[in-house]
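The chain contents come next:
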Amino acid sequence: MPGGSEVLSLGCDSCGARICFAAGQRTTRCPFCDTPLVADRPAIRDRPQPVFALGFAVDRDSAIKTVRQWLSRQKLRPFGMNAAAAQAIAGIYLPSYLYSAAANSRYQARVAENYTRLAIDKDGAGVRSGTEYRDFAGRRAAYVSDILVTASRGISNDELQAIEPFDLSKLCRYSPAIIAGWTSEEPSLSTEDCLRLGRVEGEAAVAALLREFMPGDGAATLNHSTEFTEESLDHTLVPVWVLAIRDHAQKPPVRILVNGQTGKVGGKIPYSKAKLGVLIVAGLVGLAALFVLLSILWRRLQ
């Protein structure tokens, strides 16, 4: 958490109490009257004021139900995990950035072109088909936008990507009223770290755009180098449910995320060694049975 032991003091307008809370948080509740409080602190380089926010559309019970359904589809989950109770569940406004940039690319590709033509040979006329390849190179400019990257050290970019997309058409200008009563984290990754994350996703977006641009019937190979300019990062708060699921008292909990706007679930759960062993044994038995069947058929054909 940035700021180390830094602590903020905030006055409660309802009861007049003075509340202290960690600087890595933007929201808290007054312990005396339960009034939701939102800090209004000055922006600094790696902790800017939010520009946009997305509201929660999925409630707590729906998030838990969705996770149960998602777990039931994970066939190699540990025994008991589907019925396991959530050890903890929290709805948070996750700090993120919307990355956009102008992308100027040089590309080299080997483009495929399928053909069908009438050919005449010693056996007579007939239709011949195949694929020809030709080199294709050039420059292309594009603009990439709406790339969402995490600004939290606690939630990795891979975890955030697993529950995307968010419906960015529902973005609102940030207002403290949107996050009041919810947990809201401040950015804990530097803007440089987030720029690097944005460029990685920007490279993937450019590659997809270039593949769509390729003529013919697709590119057998495609290489490109891209320079990003006019980069921007807009601090955006997105709604996420964070659940800790435990299937055994002596095992660490598994973290699962739910998109608080769409209900999409993401997370990595451990495999059950017992289930994996049964699957392997079943596969070996199946192969053995197939081998025996083929042996019988072979002897009959002799």
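Described below are features of the structure shown in this document. (Residues numbered from 1 in each chain as written. Predicted model: local features only at pLDDT ≥ 70, side-chain atom pairs only at ≥ 80, totals over all residues. Heavy atoms only, no water.)

### Here we look at the overall build of the protein
Stage number 1. Across its full length, the protein carries 5 helices and 12 strands.
Stage number 2. Expressed as a percentage of the 302 residues in the protein, the buried residues total 37%.
Stage number 3. Put simply, 72% of the contacts in the protein that link residues at least 6 apart link residues at least 24 apart.
Stage number 4. When the accessible surface of the protein is split by element, carbon and sulfur atoms take 55% of a total near 17300 Å². (Helix = DSSP H or I, 4+ residues; strand = E, 2+ residues; numbered from the N terminus. Buried < 20%, exposed > 50% of the residue type's maximum accessible area, 1.4 Å probe, protein only. Contact = heavy atoms within 4.5 Å. Areas by Shrake-Rupley, 256 points an atom, 1.4 Å probe, with all protein chains shown as cover.)

### Remarks on a nonpolar patch on the surface
Stage number 1. On the surface, L284, L287, L290, L293, L294 and L297 cluster together into a nonpolar patch covering about 580 Å² of accessible area.
Stage number 2. Within the fold, L294 resides in helix 5 (residues 273–301). (Patch = residues over 30% accessible without salt bridge, like charges linked within 9 Å, V, L, I, M, F, W, Y side chains within 5 Å. Salt bridge = Lys/Arg side-chain N within 4 Å of Asp/Glu carboxyl O.)

### Description of the packing of aromatic side chains
Geometrically, a pair of aromatic rings is defined through the distance of the ring centres and the angle of the planes.
Stage number 1. The final tally for this structure, using the stated rule, is 9 aromatic pairs.
Stage number 2. Arranged with centres 6.2 Å apart and planes meeting at 90°, the rings of Y93 and W182 form a pair that is edge-to-face. Separated by 89 residues along the polypeptide, Y93 in strand 6 (residues 86–121) and W182 in the loop between helix 3 (176–179) and strand 9 (183–184) bring together distant segments of the chain.
Stage number 3. On the basis of relative accessibility, which here comes to 1%, the residue Y93 falls in the buried class.
Stage number 4. Classification of W182 as partly exposed rests on a relative accessible area of 28%.
Stage number 5. Between Y99 and F228 the ring centres are 6.3 Å apart and the planes differ by 80°, which places this aromatic pair in the edge-to-face class. (Phe/Tyr/Trp six-rings, centres within 6.5 Å; stacked < 30°, edge-to-face > 60°.)

### Points about helix 1 (residues 60–72)
Stage number 1. For helix 1, spanning 13 residues, the distance from its first C-alpha to its last is 19 Å, which sits close to the expected 18 Å at 1.5 Å a residue.
Stage number 2. Every buried residue of helix 1 is accounted for by A63, I64, V67, W70 and L71. An end-on view of helix 1 places all buried positions within 120° of arc, on one side of the element. For helix 1, the exposed residues set more than 90 degrees away from the buried face come down to D61 and K65.
Stage number 3. In this structure D59 caps helix 1, since a side-chain oxygen of it lies 3.4 Å from the backbone nitrogen of D61. (Expected span 1.5 Å × (residues − 1). Arc of directions from axis to C-beta. Polar contact = N/O pair within 3.5 Å; in protein donor to acceptor, adjacent residues only side chain to side chain.)

### A word on the pattern of salt bridges
Stage number 1. Inspection of the entire model under this criterion finds 6 salt bridges.
Stage number 2. Among the ionic pairs, R110 bridges to D135, the shortest N-O distance being 3.1 Å. Of this pair, R110 sits in strand 6 while D135 sits in strand 7 (residues 124–150), and the two are 25 residues apart along the sequence.
Stage number 3. D135 sits in the exposed class, given a relative accessible area of 60%.
Stage number 4. A salt bridge links K170 to D167; the shortest N-O distance between them is 2.9 Å.
Stage number 5. Of the residues examined, D167 reaches a relative accessible area of 29% and is grouped as partly exposed.

### Considering empty space enclosed by the protein
Stage number 1. On inspection of all chains with the given rule, the structure shows 1 cavity of 30 Å³ or more.
Stage number 2. Along the walls of the largest cavity sit A103, S105, R140, A141, A142, V206, L209 and L210, which together make up its complete lining.
Stage number 3. Counting residues per element, the ones that place at least two in the lining of the largest cavity are strand 6, strand 7 and helix 4 (191–213).
Stage number 4. Across the lining of the largest cavity, the residue classes break down as 6 nonpolar, 1 polar and 1 charged. (1 Å grid on protein atoms, 1.4 Å probe; cavity = no way out; pocket = protein on both sides within 12 Å on 5 of 7 lines; lining within 4 Å. Points joined across faces, edges and corners; volume = space filled by probe spheres on them. Nonpolar A, V, L, I, M, F, W, Y, C, P; charged D, E, K, R; others polar.)

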